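Overview (structure and organization)
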Amino acid sequence: MRVIAGDYRGRTLKALKGDTTRPTTDRVKESLMSALVSATGGFEDLCVLDAFAGSGQLGIEALSRGAARVCFCEQGRDALRIVESNLNACKVDRSRYQVLRSDSLKLPQRSGLPQFDLVFLDPPYAFEAKQVFEWIRAMDEAGKLAKDAVVSYEYDRKSAQEVSVEVDALKWTTVSARTYGDTAVVILRRS
């Protein structure tokens, strides 16, 4: 894995060994970032949440491209060490990020969080789409999503039908929906 563009371009990033996390491939990440630039007008000054951060690569890519601040949320102790290691390897200024050891599903109840302009959701594939979309609604109701927030949700292509039902029920605008082998990504904007 590497940072694709921006200030930290070309930096190699570590990931946990084994199948505890599922890092986004460079090909998917490059396509995703391009779609997000179109959806947001660019990363400059965005406040970003990298929920289920894993290695932190999506949030680091956003920082590299100009995001003002990223909150990395991960409950696994080993994964958090990897996130910190990757941030240190890129020499990211500590004022630009926060690392939370927490269950991402509990963030709607957490106080002291800013409003997020962009959210990366790449939960374990075992999470049901219904659970993920309930989380999006809870974050919105808690006032933790900006009025024009964009959410990127990466999921197993086998869940496409379930995700489609939840996307329709959410009533947000679908900016992009793409499939890359077994991986699918939908980008949604709060209407």
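These numbers come from a predicted model, not from an experiment. (Residues numbered from 1 in each chain as written. Predicted model: local features only at pLDDT ≥ 70, side-chain atom pairs only at ≥ 80, totals over all residues. Heavy atoms only, no water.)

A closer look at the pairing of strand β3 (residues 97-101)
- Pairing of strand β2 (residues 69-74) with β3, which is carried by 5 bridges, proceeds in the parallel orientation. Counterpart to C73 in the pairing with β3 is L100. (Pairing = 2+ DSSP bridges. Helix = DSSP H or I, 4+ residues; strand = E, 2+ residues; numbered from the N terminus.)

Looking at the pattern of salt bridges
- Per the counting criterion, the structure on display carries 7 salt bridges.
- D78 serves as the salt-bridge partner of R81, at 2.5 Å between the closest nitrogen and oxygen. Of this pair, R81 and D78 both sit in helix α3 (residues 77-89), 3 residues apart, which is roughly one turn of the helix.
- Between R190 and D140 there is a salt bridge, with its nearest N and O atoms 2.9 Å apart. Of this pair, R190 sits in the segment after β7 (183-189) while D140 sits in helix α4 (residues 129-141); the two residues are 50 residues apart in sequence, bridging distant segments of the chain.
- For R190, a relative accessible area of 24% corresponds to the partly exposed category.
- Relative accessible area serves as the criterion here: at 21%, D140 is assigned to the partly exposed category.
- Linked by salt bridges that have partners in common, K29, E61 and R65 make up one network. (Salt bridge = Lys/Arg side-chain N within 4 Å of Asp/Glu carboxyl O. Buried < 20%, exposed > 50% of the residue type's maximum accessible area, 1.4 Å probe, protein only.)

Here's the deal with the side chain of S64
- Note that S64 resides in helix α2 (residues 57-64).
- Engagement of the side chain of S64 in a polar contact is seen with the backbone oxygen of A5, the distance being 2.5 Å. (Polar contact = N/O pair within 3.5 Å; in protein donor to acceptor, adjacent residues only side chain to side chain.)

Some details on the confidence of the model for the protein chain
- For the protein chain, mean pLDDT is 93; residues scoring 70 or higher make up 97% of the total.
- Taking the mean pLDDT of every element in the protein chain, the minimum, 90, falls on helix α1 (residues 26-40) and the maximum, 98, on strand β1 (residues 47-51). (pLDDT = per-residue confidence, 0-100.)

Notes on the packing of aromatic side chains
- Within this structure, the stated rule accounts for 4 aromatic pairs.
- Here F72 and Y97 contribute two aromatic rings whose centre-to-centre distance is 6.4 Å and whose plane-to-plane angle is 75°, an arrangement assigned as edge-to-face. Taken together, the residues F72 in strand β2 and Y97 in strand β3 connect sequence positions 25 residues apart. Per residue, the accessibility class of F72 equals that of Y97, and both read buried.
- Considering the side-chain rings of Y153 and Y155, the 5.1 Å spacing of their centres and the 35° angle between planes classify their relative orientation as tilted. (Phe/Tyr/Trp six-rings, centres within 6.5 Å; stacked < 30°, edge-to-face > 60°.)

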